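An overview of the molecular structure
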Amino acid sequence: MTQDELKKASAEAALEYVESGMIVGVGTGSTANYFIDGLARIKGKLEGTVASSEASADRLRGHGIPVLDLNSAGDLQLYVDGADETTRHLHLIKGGGGALTREKIVAAASDKFVCIADDSKLVDVLGAFPLPIEVIPMARSYVARQIVKLGGQPVLREGFTTDNGNVILDVQNMKILDPVELETALDHITGVVTNGLFARRGADVFLMATSNGVEVLQA
Ligand code: 5RP
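Cut-offs used in this document
Residues numbered from 1 in each chain as written. Predicted model: local features only at pLDDT ≥ 70, side-chain atom pairs only at ≥ 80, totals over all residues. Heavy atoms only, no water. Near = heavy atom within 4 Å. Polar contact = N/O pair within 3.5 Å; in protein donor to acceptor, adjacent residues only side chain to side chain. Areas by Shrake-Rupley, 256 points an atom, 1.4 Å probe, with all protein chains shown as cover. Nonpolar A, V, L, I, M, F, W, Y, C, P; charged D, E, K, R; others polar. Pairing = 2+ DSSP bridges. Helix = DSSP H or I, 4+ residues; strand = E, 2+ residues; numbered from the N terminus. Axes fitted to C-alpha atoms, helices over the stretch in contact; angles between N-to-C directions. Contact = heavy atoms within 4.5 Å. Buried < 20%, exposed > 50% of the residue type's maximum accessible area, 1.4 Å probe, protein only. Arc of directions from axis to C-beta.

Quick word on the site of the ligand
Around the ligand sit 17 residues in total, of which S30, T31, D84, G95 and K121 are the nearest. Contacts to the ligand include K94, whose side-chain N or O atom sits 2.9 Å from an oxygen atom. K121 is positioned with one of its side-chain polar atoms (N or O) 2.8 Å from an oxygen atom of the ligand. About the coverage of the ligand: the protein hides 91% of its 380 Å² of free accessible area. Broken down by class, the residue content of the shell around the ligand amounts to two nonpolar, nine polar and six charged.

Section: the sheet that holds strand β10 (residues 192-195)
If you walk across this open sheet you meet the four strands as β8-β9-β7-β10, and the pairing is antiparallel. Each end of this open sheet is capped by a strand with a single partner; those strands are β8 (153-156) and β10. When the angles between neighbouring strand axes are averaged without regard to direction, this sheet yields 30°. Here three bridges tie strand β7 (residues 131-135) to β10, and the two strands are oriented antiparallel to one another. Its bridge partner being in β10, I133 is matched across the sheet by N195. Running at roughly 70° to β10, helix α5 (residues 100-108) makes contact with β7, β9 (167-172) and β10 of the sheet. This element, helix α6 (residues 140-149), spans β7, β8, β9 and β10 of the sheet and lies at about 15° to β9.

Some details on helix α3 (residues 54-62)
Helical periodicity: at 3.6 residues per turn, an α-helix aligns residues three or four positions apart in one direction. Burial in α3 covers these residues: S56, A57 and L60. Projection of α3 onto a plane perpendicular to its axis shows the buried side chains occupying an angular sector of 100°, all on one side. Opposite its buried face, α3 presents the exposed residues A55, D58 and G62, each directed more than 90 degrees away. Tucked into the core, α3 has its buried residues touching β1 (23-26), α2 (30-41) and β2 (48-51). Backbone geometry just after α3 places G64 at a positive phi near 75°.

Written as structure tokens, this is what we have:
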């Protein structure tokens, strides 16, 4: 199977978690797009969705699926999203698509976070994928210097502005042995909006698509 077929298989498996009358949190990226396309087939079941990016909101609306503001939706029962890396503890790196802040907010507001991805995303140690950090633009250089002190090599994502009007630093060469500790340390740097470690609130379920079927990993 191709990687796209595996992404689609994982996204299709996540449709099983959608129950009648739910407001579903929806992630961002190519795997989440397969989930959105699948949701279109069962949209009559949904009360609505909350999107983690403008791109996902546009795709949902394009299918005629209602998109609600999180402030009016309240807490969500379910959030479905992809990841750039995940461990067997369901600690994640996210933000390859730059939507990490809204993704973290929707994940925080959700009872269950179902991560969808192909098996290439499973790692023993996080950090081979550059860790995205959303930063207030005027703090970019200051934050970069603090990250160097933590042992990382921050690289500005050129020509990219987040949905929130901020910039992204992609941090290379971090071998992340304690994701909870690093997530907290990065959050404490003034000027950091969000970092792409989802460890304090990781996923609850990982639907890992392999060529032999979709494996269900639980936190
Ligand atoms: C976007 C994300 C995505 O979930 C992550 O980048 C995975 O993307 P894809 O499903 O395209 O592989 O965090 O900010």
